[in-house]
Amino acid sequence: MEIFLSRKSLPIWLLTTVVLAGILLVSCRNNNQPAASSGVSGLPADAAALATARGLTPDDIYGALKTYMPTGQHDPYIMISSGGQSGQVYVIGVPSMRLLKAIGVFTPEPWQGYGYGGHGDKVLAGGFVDGKPILWGDTHHPSISETNGEYDGQFAFINDKANARIAVIDLRDFETKQIIKTPNAINDHGGAFVTPNTEYVIEGPQYAAPLGFEYAPLEEYAEKYRALITFWKFDRVAGRIDQSRSFQIELPPYWQDLCDAGKKVSDGWVFCNSFNTELATGGIELGNPPFEAGTARNDTDYLHIINWKKAEEIFQSGNYEMMGGIAVIRLQTAIDEGLLYFTPEPKSPHGADVTPGGEYIVVGGKLDPHVTVYSFEKIMAAIAKGGHETDQYGVPVLPLDATMEAQVELGLGPLHTVYDNKGYAYTSLFLDSAVARWTLGGPYANLNPDEPWSLIQKLPVHYNIGHITAVEGDTASPGGEFVVALSKWSIDRFANIGPLMPQNFQLVDISGTGAQMRLLYDMPIGVGEPHYAQIIRADRLKPWQVYPEIGWDPGTMAPHPNAITSSEQARVERNGNHVEIWMTVVRSHFYPERVEIKQGDHVTWHLTSLERTPDATHGFAISGYNINLSLEPGETQTIEFVADRSGTFTYYCTEFCSALHLEMLGYMLVEP
Ligand code: CUK
Ligand code: CUA
């Protein structure tokens, strides 16, 4: 009896699935019969009875057994998901689809104590736009750092579409370390994507504006408006983007949408799809076509093909202009030096996804039922051949029949494509609300028995899938167990909680071959609209359980100069109207427990957690002063403020850290 759902033995699970599914079929046929006595040895009657009582189908049972994570067991995969309008990043276990953490990125995050007086304030200030505080973001595309085209689990990057910013998250402590405002651009989209060794974090543009987002009338769109793709140089040792070694390339004012870096055979190149080669500027109120029609008039837009290794050489040779504090390679230079080529893509494309070996680039049709597959080899041959026509800005356009490898008809609204280890590609079909599995050709053709470049299965999802993500899916060697459909609508999937409904992460089993994809689980996301997510094998992550030593500053990832290591060193010092406090934090005391200052004092307050026990986190909130920190074991943080309000204020620990947690408090008396 006890072997049911044995935790150690997978074959028993599988056996159990089959057996239980069989029982369900039987018990469905005899619906009025209690299934209490299954007659199958080793299977508890209560499990079958429960399944019958709940009306679970064999598919439901399969999904449950695939995703259930018994207490104490860990997910084999971790999903790093954008948080959409929340401005944050979410960390989710796969396949259990349990939310593990919300990482504060562009928006203050109280639980992490991010943006309420501690070092997070400085990180957030890095993203102010010309000094204006912007305390939210529209995160779209997270990207995990890579080494040799594999996720290395060290860092994650994410863009803010709304304000053209990029953030760096250190995966040792899952905290945001840097936000940087992209110079010269006011919005972005096609980032963050890394090159195969994270030499650069790429941030592609979206809606064109004059460089520096200076004023220019829309009538001057064609002459004055431009796009910019940014190559952020990432310094792995410092764990920061280095703007002085980064550069931008000026592009025509098409709306470059999504970019992906080449890998393996195509390492050194970047590919971005685009739309609005029509240069539509809206103005329905003036009798112009509205944007949604104006941008869809042409039969083709342009896939952008960018040679970033050569662009790096041009940057290093000094052939650029400094604008807004960053090197900009001008459009004419990019054309003259052969950094930029176009090739046509059918009707308002979406997505650009490089295959694991770098041989092909897949672009979704969005308004065309096909995905178009470009061959990198053919692109290179077409470039070498030369003598191309150009677009209106002088960029060479490689003919489609010279660059295209295949077109595969999948259905309505193909957007984004990911890959597995069996030679299949998976494309989200927004209008069909389906995941399409199809076969790659070329070197992938013998990985499965199906005919190359053909649609194998369309799995319905609920509803309107945007992105799709696969385990290790953007690497040179993707996994093959799961994809997650990032579905935009969830109407009727969850309990009604009012008109704003959650999005729906739908876990799909892709472990079989052929038409065997199965929908396993729906996870509501009620915190914003995530666009993209990446899924990394959990064993690639090496996060800390506690900070490396007492007095660690997560802001610099180094020992904090004002850390103290014992409560005897705790003290308050006054120098004129500057008060400096060195405080220790440990179960279940703040030392000192009383802080007496005067109204108008400038206060610098250093707090060090003396804890070494994993999970012994303390909070620190000063009521009425908008100060709130999370002090994880070993962490030191400094807050600074002016005591502008006299009165009696409490500070207390916000984490239930011990039986004496409620006693973990102090008084800050501010004398008028
Ligand atoms: S875009 Cu959202 S579904 Cu911002 Cu990646 Cu395609
Ligand atoms: Cu420390 Cu509660």
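Relevant structure appears above.
None of the values given here were measured: they were computed from a predicted structure.

Parameters at a glance
Residues numbered from 1 in each chain as written. Chains lettered and ligands numbered in written order. Predicted model: local features only at pLDDT ≥ 70, side-chain atom pairs only at ≥ 80, totals over all residues. Heavy atoms only, no water. Pairing = 2+ DSSP bridges. Helix = DSSP H or I, 4+ residues; strand = E, 2+ residues; numbered from the N terminus. Axes fitted to C-alpha atoms, helices over the stretch in contact; angles between N-to-C directions. Patch = residues over 30% accessible without salt bridge, like charges linked within 9 Å, V, L, I, M, F, W, Y side chains within 5 Å. Areas by Shrake-Rupley, 256 points an atom, 1.4 Å probe, with all protein chains shown as cover. Salt bridge = Lys/Arg side-chain N within 4 Å of Asp/Glu carboxyl O. Buried < 20%, exposed > 50% of the residue type's maximum accessible area, 1.4 Å probe, protein only. Near = heavy atom within 4 Å. 1 Å grid on protein atoms, 1.4 Å probe; cavity = no way out; pocket = protein on both sides within 12 Å on 5 of 7 lines; lining within 4 Å. Sits in = over half its atoms within 2 Å of the grid points. Polar contact = N/O pair within 3.5 Å; in protein donor to acceptor, adjacent residues only side chain to side chain. Contact = heavy atoms within 4.5 Å. Points joined across faces, edges and corners; volume = space filled by probe spheres on them. Nonpolar A, V, L, I, M, F, W, Y, C, P; charged D, E, K, R; others polar. Domains from an automatic or database assignment.

Right, let's talk about the sheet that holds strand β41 (residues 618-622) for a bit. Remark on secondary structure: sheet strands pair via backbone hydrogen bonds, oriented parallel or antiparallel. Taken in spatial order, the 5 strands of this open sheet run β39-β45-β44-β41-β42, and their pairing is mixed. Each having just a single partner strand, β39 (594-598) and β42 (627-631) make up the two edges of the open sheet. Here the strands of the sheet are splayed against their neighbours by 15° on average, with no regard to which way each runs. Both β41 and strand β44 (residues 647-652) contribute to a ladder of 2 bridges, which runs antiparallel. Across the sheet, the residue bridging to Ala 621 is Tyr 652, located in β44.

The next thing to look at is a nonpolar patch on the surface. On the surface, Trp 489, Ile 491 and Met 501 cluster together into a nonpolar patch covering about 310 Å² of accessible area. As for its position among the elements, Trp 489 is in the loop between β30 (482-487) and β31 (503-509).

Let us look at unusual backbone geometry. Backbone phi values are negative for most residues with the exception of glycine, while trans is the configuration of most peptide bonds. A cis amide bond, omega -25°, links His 462 with the succeeding residue Tyr 463. One can find Tyr 463 in the loop between β28 (455-460) and β29 (465-470). Cis rather than trans, the peptide bond between Arg 587 and Ser 588 has omega equal to -5°. The phi dihedral of Thr 198 is positive, around 55°, even though this residue is not glycine. Among the secondary structure elements, Thr 198 is positioned in the loop between β8 (193-194) and β9 (200-203). On the accessibility criterion, Thr 198 (2% relative accessible area) is buried. Residue Asn 626 is not a glycine yet carries a positive backbone phi of 55°. Within the secondary structure layout, Asn 626 lies in the loop between β41 and β42. Residue Asn 626 is classed as exposed on the basis of its relative accessible area, which comes to 60%.

A few words on the site of ligand 1. The immediate surroundings of ligand 1 are formed by His 140, His 141, His 189, Leu 258, His 350, His 416, Gly 466, His 467, Lys 488 and His 531. When atoms are counted within 2 Å of each cavity's grid points, the one that captures over half of ligand 1 is the second largest pocket.

Taken as a whole, this structure holds 26 salt bridges when the rule is applied. Ionic pairing is found between Arg 330 and Glu 250, a salt bridge with its closest N-O pair at 2.7 Å. Separated by 80 residues along the polypeptide, Arg 330 in the loop between β17 (326-329) and α8 (331-336) and Glu 250 in strand β12 (residues 240-251) bring together distant segments of the chain. Judged by its relative accessible area of 26%, Arg 330 is partly exposed. Glu 250 sits in the buried class, given a relative accessible area of 5%.

Mapped onto the elements, Ser 145 comes out in strand β4 (residues 143-147). A relative accessible area of 0% places Ser 145 in the buried class. A polar side-chain atom of Ser 145 sits 2.4 Å from a polar atom in the side chain of Asp 152. Residue contacts for Ser 145: discarding those within four places in its chain leaves Glu 150, Tyr 151, Asp 152, Gly 153, Gln 154, Phe 155, Phe 157, Thr 198 and Arg 236.

Take the layout of surface pockets next. In this model, the largest pocket occupies a volume close to 1000 Å³. Along its surface, the largest pocket is lined by 31 residues, and Leu 100, Lys 101, Phe 174, Pro 543 and Trp 544 are the ones closest to its centre. Every element with two or more residues in the lining of the largest pocket is listed here: β2 (89-94) and β3 (98-103). With 3 residues, the single largest contributor to the lining of the largest pocket is β3. Residues that form the lining of the largest pocket fall into these classes: 16 nonpolar, 6 polar and 9 charged. Formed jointly, the lining of the largest pocket draws a minimum of three residues from each of two domains, domain 2 (77-280 + 291-540) and domain 3 (552-671). Computed from the structure, the second largest pocket encloses a volume of approximately 560 Å³. In terms of lining, the second largest pocket is formed by 26 residues, of which the most central are Asp 257, Phe 275, His 350, Lys 366 and Leu 415. For the lining of the second largest pocket, the secondary structure elements donating two or more residues are β13 (255-261), β25 (414-419) and β29. A class-by-class count of the residues in the lining of the second largest pocket yields 8 nonpolar, 12 polar and 6 charged.

Function cannot be read off these values alone, since they describe shape.
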